[in-house]
Amino acid sequence: MIAIRPSTAGDLPAIVRLVNAAYRELGGWTTEHGVVFGDRIAQADLAADLASADKTILSAVEDGAVIGCVRLETRKNTLLVGLLAVRPDLQARGAGRTLLTGAEAYGLAHGATVAELSVVSIRSELIAWYVRRGYRVTTETAPFVYDQLPPGVAQTPGLEFAILRKRLG
């Protein structure tokens with residue numbers, strides 16, 4: 001049984017490992033391997049998120065082990081959903097769906113009426129996954145943050161983020 005709970009500082013090493021594996025290594029269907037290389041997140045970044053008053057990280061826990069996470073930020077009535085990741089060897093078992101449902105419940109409990117997320121626009125299978133969960137692709141995009149990455153990390157030119165939204169409640 002998968003439980004969703006707020007992450008703690010003790011969860012950070014496991015979260016870093018699973019996020020970097022889910023986003024950058026071969027093995028899971030959510031990987032960006034071949035598009036972007038290098039680590040997706042560092043422990044210091046996650047620690048800063050945990051210390052922030054307006055952000056939280058939820059963990060998916062099964063048999064005492066952290067198997068997934070999602071980073072959340074509430075801005076006025078909007079829940080910003082990011083860094084949704086499940087350990088690659090445990091994907092396609094419902095943990096991502098459970099995390100997303102937990103994220104949306106968190107948003108509702110904190111006054112959000114809309115959830116918003118961004119996905120690298122060439123990740124059509126991932127966008128389709130969110131659409132099946134009620135998100136709609138907007139006409140808005142956001143630039144890919146090439147200037148915030150070390151040289152050689154982004155291997156695909158012309159990337160951008162598609163913005164998706166879902167009304168909560």
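**Student:** Could you clarify how one ought to interpret the overall build of the chain in this entry?
**Tutor:** Scanning the chain from N- to C-terminus turns up four helices and seven strands. Sequence-ordered secondary structure for the chain, helices as α and strands as β, is β-α-α-β-β-β-α-β-α-β-β. Per-residue burial for the chain yields a buried fraction of 47% across its 169 residues. Within the chain, contacts between residues at least 6 apart in sequence are counted, and of these 65% link residues at least 24 apart. With the model as given, the accessible surface of the chain reaches about 8,600 Å², and the carbon-plus-sulfur share is 54%.

**Student:** Where do I start with the nonpolar core in this structure?
**Tutor:** For soluble globular proteins, the rule of thumb is that nonpolar side chains tend to be buried together. Judged by nonpolar contacts, the single largest core of 27 residues is most densely connected at Val70, Val81, Tyr130, Tyr135 and Leu164. Those elements giving two or more residues to this core turn out to be β2 (55-62), β3 (65-75), β4 (78-86), α3 (95-109), β5 (114-120), α4 (124-132) and β7 (160-167). Among residues more than four places away in sequence, those in contact with Tyr130 are Leu84, Leu100, Leu117, Val119, Tyr135 and Leu164. Leu18, Ala22, Ile41 and Cys69 belong to the second-largest nonpolar core, a separate cluster that totals 15 residues.

**Student:** Help me understand the side chain of Glu104 in this model?
**Tutor:** Tracing the chain through its elements places Glu104 in helix α3. Within the local environment of Glu104, its side chain forms a polar contact with the side chain of Tyr135, the two groups lying 2.8 Å apart. When near neighbours in sequence (up to four residues on either side) are disregarded, Glu104 contacts Leu79, Tyr135, Lys166 and Leu168.

**Student:** Honestly, the sheet that holds strand β6 (residues 136-143) in this entry has me stumped. Any pointers?
**Tutor:** The pairing of strands in a sheet comes from backbone hydrogen bonds and takes either a parallel or an antiparallel form. In spatial order, the strands read β1-β2-β3-β4-β5-β7-β6; together these seven strands make up an open sheet with mixed pairing. The open sheet has two free edges, formed respectively by β1 (3-6) and β6, since each of these has just one partner strand. On average, adjacent strands in this sheet sit at an angle of 30° to one another, irrespective of strand direction. Two strands pair when backbone bridges link them, and β4 and β5 are joined in this way by four bridges, in the parallel orientation. Counterpart to Leu80 in the pairing with β5 is Glu116.

**Student:** What exactly am I supposed to notice about the packing of aromatic side chains here?
**Tutor:** Aromatic rings in a pair are described by how distant their centres are and how their planes are angled relative to each other. Within this structure, the stated rule accounts for two aromatic pairs. Measuring from centroid to centroid gives 5.0 Å for Trp129 and Tyr130, while their planes differ by 85°, and the two rings are edge-to-face. Tyr130 carries the same exposure label as Trp129, and that label is buried. On the basis of an interplanar angle of 75° and a centroid distance of 5.8 Å, the ring pair of Tyr130 and Tyr135 is categorised as edge-to-face.

**Student:** I tried to follow the side chain of Thr56 on my own but got confused; where do I start?
**Tutor:** Looking at the secondary structure, you find Thr56 in strand β2. Setting aside chain neighbours within four positions, we find Thr56 in contact with Val70, Arg71, Leu72 and Tyr106.

**Student:** Would you mind showing me how to read the environment of Ser52 here?
**Tutor:** Tracing the backbone shows Ser52 in the loop between α2 (43-51) and β2. A distance of 2.4 Å separates the side chain of Ser52 from the side chain of Asp54, its partner in a polar contact.

**Student:** Could you clarify how one ought to interpret the pattern of salt bridges in this entry?
**Tutor:** For side chains bearing opposite charge, pairing can occur when the charged atoms are close. Taken as a whole and judged by the stated rule, the model has nine salt bridges. Here Asp49 makes a salt bridge to Arg71, at a shortest N to O gap of 2.8 Å. Placement of Asp49 in helix α2 and of Arg71 in strand β3 is noted, with a sequence separation of 22 residues between them. With relative accessibility at 6%, the residue Asp49 sits in the buried group. Taking relative accessible area as the criterion, Arg71 reaches 22% and is therefore assigned partly exposed. The salt bridge involving Glu62 is made with Arg93; its shortest N-O contact spans 2.8 Å.

So, how was this worked out
- Residues numbered from 1 in each chain as written.
- Predicted model: local features only at pLDDT ≥ 70, side-chain atom pairs only at ≥ 80, totals over all residues.
- Heavy atoms only, no water.
- Helix = DSSP H or I, 4+ residues; strand = E, 2+ residues; numbered from the N terminus.
- Buried < 20%, exposed > 50% of the residue type's maximum accessible area, 1.4 Å probe, protein only.
- Contact = heavy atoms within 4.5 Å.
- Areas by Shrake-Rupley, 256 points an atom, 1.4 Å probe, with all protein chains shown as cover.
- Core = buried A, V, L, I, M, F, W, Y, C linked by side-chain atoms within 4.5 Å.
- Polar contact = N/O pair within 3.5 Å; in protein donor to acceptor, adjacent residues only side chain to side chain.
- Pairing = 2+ DSSP bridges.
- Axes fitted to C-alpha atoms, helices over the stretch in contact; angles between N-to-C directions.
- Phe/Tyr/Trp six-rings, centres within 6.5 Å; stacked < 30°, edge-to-face > 60°.
- Salt bridge = Lys/Arg side-chain N within 4 Å of Asp/Glu carboxyl O.

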